[in-house]
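Examination of the molecular architecture
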Amino acid sequence: MIYFIIISVCVFLSIIFFNSAKKIANIFDLYDIPNERKIHKNPIPLVGGLVILLVISVFYTLINMFTNFGNIESHILFFSIYIITLFGIIDDKLEIRPN
């Protein structure tokens, strides 16, 4: 039953956060502006990854609070997700070239 509640909370939060993604993008100025390499014509918010990370963080925290889930491997995996997301945000904001 606790898993159902935790998943329900995360689904509810993801709906709320995705619906307010444009507000978050406006606050932090996180838009993908079209250029010659892009297909889209209008600026697109780049906060989808942040919303997913936030929901995963809530899920991970709730699971660790109410179950015996936390071990060193899960902590390393969770930390790695944060590092990858951080590099993704930096790459989106600065448009880093691959070379």
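Here the residue numbers are simple positions, counted from 1 along each chain's written sequence. Local features in this predicted model are restricted to residues of pLDDT 70 or higher, and side-chain atom pairs are both shown and tallied only at a pLDDT of 80 or more, whereas totals for entire chains, interfaces and linings draw on every residue. Excluding hydrogens and water, the side-chain figures rest on all heavy atoms present in the structure.

Looking only at helices and strands, the chain has 4 helices and 2 strands in total. Only DSSP runs of H or I covering at least 4 residues are called helices, and only runs of E covering at least 2 are called strands; the numbering of each starts at the N terminus. Going from the N terminus to the C terminus, the chain shows its helices and strands as α-α-β-β-α-α. Using C-alpha atoms as the atom set, the radius of gyration is obtained and then compared with a globule rule of 2.2 Å times the number of residues to the power 0.38. Scaling as 2.2 N^0.38, a compact globule of 99 residues should have a C-alpha radius of gyration of about 13 Å, whereas the chain reaches 16 Å, well beyond that. Taken along the three principal axes of its C-alpha coordinates, the chain extends 50 × 30 × 20 Å. For every residue, the accessible area obtained with a 1.4 Å probe (protein chains only) is divided by the maximum for its type, and the residue is called buried under 20%, exposed over 50%, and partly exposed between those limits. In the chain, buried positions account for 20% of the 99 residues. By definition in these notes, contact holds between two residues if any of their heavy atoms fall within 4.5 Å. Across the chain, contacts joining residues at least 24 apart in sequence account for 49% of those joining residues at least 6 apart. To measure how exposed things are, a 1.4 Å probe is used in the Shrake-Rupley method; for residues, cover is taken only from the protein chains shown. Put simply, the chain shows about 7,600 Å² of open surface, and 71% of that area lies on carbon and sulfur atoms. One way to put it: in the chain the 7 positive side-chain charges average out to a point 9 Å from where the 7 negative ones average out. Charge counting follows a simple rule: Lys and Arg are positive, Asp and Glu are negative, and His as well as the terminal groups are ignored. One atom stands in for each charge, and that atom is NZ of Lys, CZ of Arg, CG of Asp or CD of Glu.

The criterion for an aromatic pair is that two Phe, Tyr or Trp rings (for Trp, the six-membered ring) have centres within 6.5 Å, with stacked assigned to planes under 30 degrees apart, edge-to-face to planes over 60 apart and tilted to the rest. Enumeration over the complete set of coordinates arrives at 2 aromatic pairs. Judged by centre distance (4.2 Å) and plane angle (10°), the ring pair of tyrosine 60 and phenylalanine 78 falls under stacked. Taken as a pair, tyrosine 60 in helix α3 (residues 48–66) and phenylalanine 78 in helix α4 (residues 72–94) lie far apart in primary sequence, 18 residues in all. The exposure classification of tyrosine 60 matches that of phenylalanine 78, with both residues buried. Relative to tyrosine 82, the ring of phenylalanine 78 has its centre 5.1 Å away and its plane inclined at 80°; by these criteria the two rings are edge-to-face. Taken together, the residues span about one helical turn, with phenylalanine 78 and tyrosine 82 both in helix α4 at a distance of 4 residues. Relative accessible area serves as the criterion here: at 36%, tyrosine 82 is assigned to the partly exposed category. Through successive ring pairs, a cluster of aromatic residues spans Tyr60, Phe78 and Tyr82.

The next thing to look at is the environment of asparagine 26. With respect to the secondary-structure elements, asparagine 26 resides in helix α2 (residues 21–28). On the basis of relative accessibility, which here comes to 53%, the residue asparagine 26 falls in the exposed class. In this structure the side chain of asparagine 26 is engaged in a polar contact, spanning 2.7 Å, whose partner is the side chain of tyrosine 31. Nitrogen and oxygen atoms within 3.5 Å of one another constitute a polar contact, given that in protein one can donate a hydrogen and the other can accept it, and given that sequence-neighbouring residues count only through two side-chain atoms.

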